[in-house]
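Fold and geometry: a report
Spelled out from the first residue to the last, the chains are:
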Amino acid sequence: MRATRASIHLDRFERNIAKIRAHIGSSPRILLPVKADAYGHGAERMAIAGLAAGASHLAVACADEGEALRACGIDAPILILSLAMPEEFRRIAEAGLEPLCADMKSLLALESAAQALGKRVVTHLKVDTGMGRIGCAPQDALSLAERAARSPHLALGGVCTHFPAADSEDPADVAYTFAQFQAFTDLLEDLRRRGIDPGLASCSNSGGVLQYPQMSLDMVRPGILSYGYYPGPLAKKPFEVEPVMEFLTKVVFLKRLPAGRDISYGRTWKTPRETVIATLPVGYADGYPRALSGGAAVLIRGKRYPVVGRVCMDQCMVDLGPEAEVELYDDVVLFGARESGAPDAQDIADICKTIPYEITCNINKRVPRLYGAS
Ligand SMILES: *Cc1c(COP(=O)(O)O)cnc(C)c1O
């Protein structure tokens, strides 16, 4: 077994989903985003665990990710949250995936692909109410929804929109989110008035779930919250979630050095006194960012020690001090243990000026994921 591994705590994941369920009430469906290999946790296992824990739908970013889930026998509805190329529609239809539609040209291409295969493809209409990323303008939604709903080759599975600032309690952001919700629910009403069943209406990501449970509509889409983190530093925290991923390694080399010895590339750090230096077989290629050089701490036997010198591609060094009680092959927590003093992916993200999403997503494929309960 490689010293460096990610332990995925499925019990914590199940408790996070149970807390989301308790917060939104019993009727909204839960769509579990498993894009980007389930934010680095492993899409297949998290999809299975998420469906068992009460999610009814899954979401991926591209056809490949959806096909991989179908190949492991998952038959739940799988939405594709990013827009696909028309030449992918055939594969999407064959795999029974549910793409978004946001413009007439691609909707017609999807319809042709469905017709050619003799299959009815479920599509979800994406409306841009303020994210500025993908989605039709609200005034174009009616003709698209009508086309999807009335086509013999398509079915309108749902209508969705996305919040850019639901994780903020800033009054301007709150007003913005309320205006988006109003525009979205106006549109849903309009569709119903014209005899179009919009299918599953959904707008809430993790930020929406936390701050606006009253906006859950038919389905919510909490990603990062399910994996145990909040969507931003300003997010409302009505309940606690637990980090699902624990990133671990082991001490593979120890040496006692006198004062004045240089450590790692660029000689950016020198031993200030006699000390013991541990080498860990983890580096930026594993997803332990180089930006942590000289900034992060790790936990060994319940104590925090600083990472010193530059993080290399596959290794890094830790200063244990002259009296460290650390032995060769001791376990090292890089982030995500529940012990007090352990860093989490939010701490790592803060040092790197990013968000926990990017930290867990970037844990490299070569790092084995081990699944179990805490
Ligand atoms: C990724 C994604 C989500 C989940 O976002 P979180 O912030 O992780 O909850 C929800 N909806 C869409 C459209 C997404 O792309």
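Now for a quick tour of the structure. (Residues numbered from 1 in each chain as written. Predicted model: local features only at pLDDT ≥ 70, side-chain atom pairs only at ≥ 80, totals over all residues. Heavy atoms only, no water.)

Quick look at the environment of His-23
Considering the arrangement of structural elements, one finds His-23 in helix α1 (residues 10-24). Overall, His-23 belongs to the partly exposed group, its relative accessible area being 25%. A C-alpha to C-alpha distance of 9.9 Å links His-23 and Gln-214, two positions 191 residues apart in sequence. Among all residues touching His-23, those that are not within four sequence positions of it are Val-209, Leu-210, Pro-213, Pro-238 and Phe-239. (Helix = DSSP H or I, 4+ residues; strand = E, 2+ residues; numbered from the N terminus. Buried < 20%, exposed > 50% of the residue type's maximum accessible area, 1.4 Å probe, protein only. Contact = heavy atoms within 4.5 Å.)

Some details on the site of the ligand
With respect to spatial proximity, 14 residues lie near the ligand, and among them Lys-35, Tyr-39, Ser-206, Ile-224 and Tyr-357 are the closest. Contacts to the ligand include Ser-206, whose side-chain N or O atom sits 2.5 Å from an oxygen atom. With respect to the ligand, the backbone of Gly-223 contributes an N or O atom lying 2.8 Å from an oxygen atom. When the ligand sits alone it has 390 Å² of accessible area, and the protein chains cover 92% of it. Looking at side-chain class alone, the shell around the ligand contains 6 nonpolar, 4 polar and 4 charged residues. (Near = heavy atom within 4 Å. Polar contact = N/O pair within 3.5 Å; in protein donor to acceptor, adjacent residues only side chain to side chain. Areas by Shrake-Rupley, 256 points an atom, 1.4 Å probe, with all protein chains shown as cover. Nonpolar A, V, L, I, M, F, W, Y, C, P; charged D, E, K, R; others polar.)

Observations concerning the state of the cysteines
All chains considered together, the criterion is met by 0 disulfides. The thiol of Cys-101 is not disulfide-bonded; the next cysteine sulfur, from Cys-136, is found 7.6 Å away. By relative accessible area, Cys-101 is classed as buried at 1%. (Disulfide = S-S within 2.5 Å.)

Let's talk about the sheet that holds strand β5 (residues 98-101)
Pairing is parallel around the closed barrel formed by 8 strands, whose spatial order is β2-β3-β4-β5-β6-β7-β8-β9. Of the strand pairs in this sheet, strand β3 (residues 57-60) and strand β4 (residues 78-80) are connected by 3 bridges, and their pairing is parallel. Of the residues in β4, the one forming a bridge with Leu-58 is Ile-78. (Pairing = 2+ DSSP bridges.)

Focus on the pattern of salt bridges
Throughout the structure, instances matching the rule amount to 21 salt bridges. Arg-338 is the partner of Glu-242 in a salt bridge, and the nearest nitrogen-oxygen pair spans 2.5 Å. One end of the pair, Glu-242, is in the loop between β9 (219-220) and β10 (245-250); the other, Arg-338, is in the loop between β18 (331-335) and α10 (345-351), and 96 residues separate them in sequence. Taking relative accessible area as the criterion, Glu-242 reaches 12% and is therefore assigned buried. (Salt bridge = Lys/Arg side-chain N within 4 Å of Asp/Glu carboxyl O.)

Remarks on the packing of helix α6 (residues 104-117) against helix α7 (residues 138-150)
Two elements in contact, α6 and α7, have axes separated by 11 Å at closest approach and are oriented at 5°. In terms of orientation, α6 and α7 fall into the roughly parallel class. Where α6 abuts α7, its residues Met-104, Leu-107, Leu-108 and Glu-111 lie against Ser-143, Leu-144, Arg-147 and Ala-148. Its residues placed into classes, the contact of α6 with α7 shows 5 nonpolar, 1 polar and 2 charged. (Axes fitted to C-alpha atoms, helices over the stretch in contact; angles between N-to-C directions. Parallel < 35°, antiparallel > 145°, perpendicular 65-115°, else oblique.)

Here's the deal with the sheet that holds strand β14 (residues 275-280)
Strand order across the open sheet formed by 9 strands is β11-β14-β17-β16-β15-β18-β10-β1-β19, with mixed pairing between neighbours. Here the strands that pair on one side only, and so sit at the sheet edges, are β11 (253-257) and β19 (369-372). Ignoring strand direction, the axes of neighbouring strands in this sheet form an average angle of 35°. With 5 bridges joining them, β11 and β14 adopt antiparallel strand pairing.

Focus on the packing of aromatic side chains
Note on aromatic pairs: each is described by the distance of the centres and the angle between the planes. For the coordinates displayed, the defined rule picks out 5 aromatic pairs. Summarising the aromatic geometry, the rings of Phe-247 and Phe-335 are spaced 5.5 Å apart at their centres and angled 55° between planes, so their arrangement reads as tilted. Of this pair, Phe-247 sits in strand β10 while Phe-335 sits in strand β18, and the two are 88 residues apart along the sequence. For the pair Phe-247 and Phe-335, one class covers both residues: buried. Of the aromatic side chains, those joined through ring pairs into one cluster are Phe-13, Tyr-39, Tyr-227 and Tyr-357. The residue whose ring lies beneath Lys-237 is Tyr-230, and the NZ or CZ to ring-centre distance is 5.1 Å. (Phe/Tyr/Trp six-rings, centres within 6.5 Å; stacked < 30°, edge-to-face > 60°. Lys NZ or Arg CZ within 6 Å of the ring centre and 35° of its normal.)

Here we look at the side chain of Thr-161
The topology assignment puts Thr-161 in the loop between β7 (154-160) and α8 (171-193). The class of Thr-161 is buried, set by a relative accessible area of 0%. Excluding anything up to four places from it in sequence, Thr-161 contacts Lys-126, Val-127, Asp-128, Thr-129, Phe-184, Ser-202, Cys-203 and Arg-221.

Comments concerning the nonpolar core
Core analysis: the largest hydrophobic core is formed by 101 residues, its most contacted members being Val-34, Leu-125, Tyr-288 and Val-298. If you tally residues by element for this core, the top one is α8, at 6 residues. The residues touching Val-298, leaving out its near neighbours within four places in the chain, are Leu-280, Tyr-288, Lys-303, Arg-304, Tyr-305, Val-307, Val-318, Val-332, Val-333 and Leu-334. Membership of the second largest hydrophobic core comes to 6 residues, among which are Ala-59, Leu-81, Leu-200 and Met-219. (Core = buried A, V, L, I, M, F, W, Y, C linked by side-chain atoms within 4.5 Å.)

Interpretation note: all reported values are geometric properties and have no functional meaning in isolation.
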